[in-house]
Amino acid sequence: MGLISLVTGISGPSGFGSSSTAEEVTKGVDASRITAIVTGGASGIGAETSRVLALRGAHVIIAARNLSAAADVKEKIVRDIPGARVDIMKLDLSSMESVRSFASEFTAKRLPLNLLINNAGVMLCPFGLSKDGIEMHFATNHLGHFLLTNLLLDTMRQTAKESRIEGRIVNLSSVAHIAAYSDAIRFDSLNDKTRYVDRGAYGQSKLANILHSKELSRRLAAEGVNITANAVHPGFIMTPLMRYSKNLMKFLKFFSSFLWKNVSQGASTTCYVALHPNLKGVSGKYFSDCNEARPNTLATNEELAKRLWEFSQKLTT
Ligand SMILES: NC(=O)c1ccc[n+]([C@@H]2O[C@H](COP(=O)([O-])OP(=O)(O)OC[C@H]3O[C@@H](n4cnc5c(N)ncnc54)[C@H](OP(=O)(O)O)[C@@H]3O)[C@@H](O)[C@H]2O)c1
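In short, a report on the structure. Fair warning: this is a prediction, and the values are worked out from it, not measured in the lab.

Here the focus is the side chain of E135. Within the secondary structure layout, E135 lies in the loop between β4 (115-118) and α6 (136-163). Within the buried set, E135 has no salt-bridge partner at all; the shortest N-O distance to an opposite charge, 9.1 Å, is to R186. A polar contact is formed between the side chain of E135 and the backbone nitrogen of F138, at a distance of 3.0 Å. Every residue in contact with E135, bar those within four places of it in the chain, is listed here: F127, G128, L129, L190, N191, Y196 and A201.

Space inside the second largest pocket adds up to approximately 340 Å³. Around the second largest pocket, the lining is made up of 17 residues, and of these I34, I165, E166, R168 and L275 lie nearest the centre. Partitioning the lining of the second largest pocket into residue classes produces 8 nonpolar, 3 polar and 6 charged.

With that settled, the discussion passes to the packing of α6 against helix α11 (residues 302-316). Contact geometry of α6 with α11 gives a least axis separation of 10 Å together with a crossing angle of 85°. In terms of their interaxial angle, α6 and α11 are classed as roughly perpendicular. Two secondary-structure elements touch here, α6 through F138, H142, L143, F146, L147 and N150 and α11 through L308, W309, F311, S312, Q313, L315 and T316. Classifying every residue of the contact of α6 with α11 gives 8 nonpolar, 5 polar and no charged.

Okay, the side chain of T39 next. Positionally, T39 belongs in strand β1 (residues 35-39). The exposure class of T39 is buried, given its relative accessible area of 0%. Polar side-chain contacts of T39 include one of 2.9 Å to the side chain of H145. Dropping the residues within four chain positions of it, T39 is found in contact with A63, L91, L93, I117, N118, N119, A120, H145 and L148.

Before going further, it helps to spend a moment on the sheet that holds strand β3 (residues 85-90). Strand order in the open sheet made by the 8 strands is β3-β2-β1-β4-β5-β6-β9-β10, with mixed pairing throughout. The open sheet has two edge strands, β3 and β10 (291-293), and neither has a second partner. Within this sheet the neighbouring strands show an average axis-to-axis angle of 25°, counted without direction. Where strand β9 (residues 286-288) meets β10, 3 bridges bridge the pair, whose relative direction is antiparallel. If you follow Y286 over to β10, its bridge partner there is A293. Each of β1, β2 (59-64) and β3 is contacted by helix α5 (residues 96-108), which is oriented at about 140° to β3, the strand it contacts most.

Time to look at the packing of aromatic side chains. Counting across every chain of the model gives 9 aromatic pairs. Centre to centre, the rings of F146 and W309 are 4.9 Å apart; their planes meet at 75°, and the pair counts as edge-to-face. Here W309 lies in helix α11 and F146 lies in helix α6, a separation of 163 residues in the sequence. The class of F146 is buried, set by a relative accessible area of 1%. Each ring, one from F254 and one from F255, has its centre 5.1 Å from the other, and the planes form 90°; the classification is edge-to-face. Exposure remark for F254: the relative accessible area of 67% places this residue in the exposed category. Here a set of aromatic residues connected by ring pairs shows up, and it is made of F138, F187 and F311. Here the guanidinium or amino end of R186 rests over the ring plane of Y181, the centre of that ring lying 3.4 Å away.

The next thing to look at is the pairing of strand β5 (residues 167-172). Consecutive residues of a regular strand have side chains that alternate between opposite faces of the sheet. Burial within β5 is extensive, with 6 of its 6 residues counted as buried. Of the two faces of β5, both are covered, the one formed by G167, I169 and N171 as well as the one formed by R168, V170 and L172. Sheet topology places β4 next to β5; 4 bridges connect them, and they run parallel. Bridged to L115 within β5 is R168. On the question of chirality, the crossover connecting β4 to the parallel β5 by way of α6 is right-handed. Pairing of β5 with strand β6 (residues 227-233) involves 6 bridges; the strand directions are parallel.

In terms of residue burial, β6 counts as a mostly covered element, since 7 of its 7 residues are buried. Considered for its hand, the β-α-β crossover made up of β5, helix α7 (residues 198-223) and β6 is right-handed. Sheet topology places β6 next to β9; 3 bridges connect them, and they run parallel. Residue V232 lies in a different strand from β9, and its bridge partner there is F287.

Bringing unusual backbone geometry into the picture now. Trans is the common state for peptide bonds, and a negative phi is the common state for residues other than glycine. Positive phi, normally seen in glycine, also occurs at A184, with a value near 60°. Note that A184 resides in the loop between β5 and α7. Judged by its relative accessible area of 5%, A184 falls in the buried class. In the Ramachandran plot, D289 falls in the positive-phi region, its phi being about 50° despite a non-glycine side chain.

Parameters at a glance
- Residues numbered from 1 in each chain as written.
- Predicted model: local features only at pLDDT ≥ 70, side-chain atom pairs only at ≥ 80, totals over all residues.
- Heavy atoms only, no water.
- Helix = DSSP H or I, 4+ residues; strand = E, 2+ residues; numbered from the N terminus.
- Buried < 20%, exposed > 50% of the residue type's maximum accessible area, 1.4 Å probe, protein only.
- Lys, Arg positive; Asp, Glu negative; His and termini not counted.
- Salt bridge = Lys/Arg side-chain N within 4 Å of Asp/Glu carboxyl O.
- Polar contact = N/O pair within 3.5 Å; in protein donor to acceptor, adjacent residues only side chain to side chain.
- Contact = heavy atoms within 4.5 Å.
- 1 Å grid on protein atoms, 1.4 Å probe; cavity = no way out; pocket = protein on both sides within 12 Å on 5 of 7 lines; lining within 4 Å.
- Points joined across faces, edges and corners; volume = space filled by probe spheres on them.
- Nonpolar A, V, L, I, M, F, W, Y, C, P; charged D, E, K, R; others polar.
- Axes fitted to C-alpha atoms, helices over the stretch in contact; angles between N-to-C directions.
- Parallel < 35°, antiparallel > 145°, perpendicular 65-115°, else oblique.
- Pairing = 2+ DSSP bridges.
- Phe/Tyr/Trp six-rings, centres within 6.5 Å; stacked < 30°, edge-to-face > 60°.
- Lys NZ or Arg CZ within 6 Å of the ring centre and 35° of its normal.
- Right-handed = clockwise from strand over helix to strand, strands pointing away.

Right, dumping it as C-alpha cells:
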C-alpha cells in the first residue's frame, strides 16, 4: 500500500484500502462477547471507533478526560444504535495518578477486557511538562498508555484465558513517526525545553507507540498469552487533533485533499486491527489503510524497543 493506493483507494491484500470505512471493515463481525476500552473516545477517530465497536455489539468504555464530551458521544451512540452498551470513565493520560485511579476503578468493576485501544493523543502542542514533569507529547501519547496497558494486562490475561477469545491491544501511531528527532528517543534530554521541536516531539511519541507495541508483542508471545499488540497509522483526518496547527493543516489539505480521509475512513484501520478475524495471531506489526505496512527502520529496532520499555518502566514506577 503506497501513495497510489492512498490516492485511488484501491484495496490491498486485505481486501480493504484507504477509502474503506470502519463499518465496511467490520461488516458481519459479532463483537457481542467483547469488552473494549477506547482512550480518547470522546472525539475524532476514537468516537467513531467507539460507535462502530458498539454497533458490532461490543461493550465499550470510553475513557476520556472531558466527561461532558464523552457523555455527548455516548448519548448519540445509544440513541442511534438500539441496545448499544457504552459507559464512560474519567482518564487523563498525562497524569500517572489519573491513569492509576482509572485502572483501579476499572479493575474494581470486575469487568472482562478483550480490547484496549490506545487512541488518545495530542499533536504539535507548545512545549509543556505534565503533572509528573514529563514532556507533554511523550507523557500523553506514550507514557500514559504504557502505564495504562501494564495496569490492565492482568485483567486482559484473565479474560483471554477464561473467554478463549484473543485479546488485542491497538496503539494509534502515525506516519509522523518518521519525523521523530534524529536521536530517535531522547533518553537523556526528554524534558529539555531548549532542544524542543514540536514535530520532533510528536514524531518521537508516535515512534514510541510502535516500539511499545513491538516490545509488548514480544513479551506477550514469550509468555504464551493469547493477546496481540499492533500499531496503526489511521491516515490524515481533519479532527480537533489539529488545534495547534489549524491553519497549517487547512493549507496543506487545500493542496492535498486527495490524501485526506473522513472520520469513518480514519477509524477503519483501528477497527480492522481490533476486530477482523483475518488478523488472528498477528502481532507486533504496523498497519496503514487496513493493510500491513512497513514503518521506518528505527521503529523495527528491537534494541531500541527494549531500551524504551526499560526507560518507560523506570519513569512509571
Ligand atoms: N487525525 C489525524 O490525521 C491523525 C493522523 C495520524 C495519527 N493520528 C492519531 O490518532 C489518534 C486520535 O486522533 P484524532 O485525530 O481522533 O484526534 P482528536 O479528535 O483530538 O482525539 C484525540 C482524543 O485524545 C484525547 N486526549 C488528549 N489528551 C488527553 C489526555 N491527557 N488524557 C486523555 N485523553 C486525552 C482528546 O481529548 P480532548 O478532546 O479533551 O482533548 C481527544 O478525545 C491520536 O493518537 C493521533 O496521534 C491522527
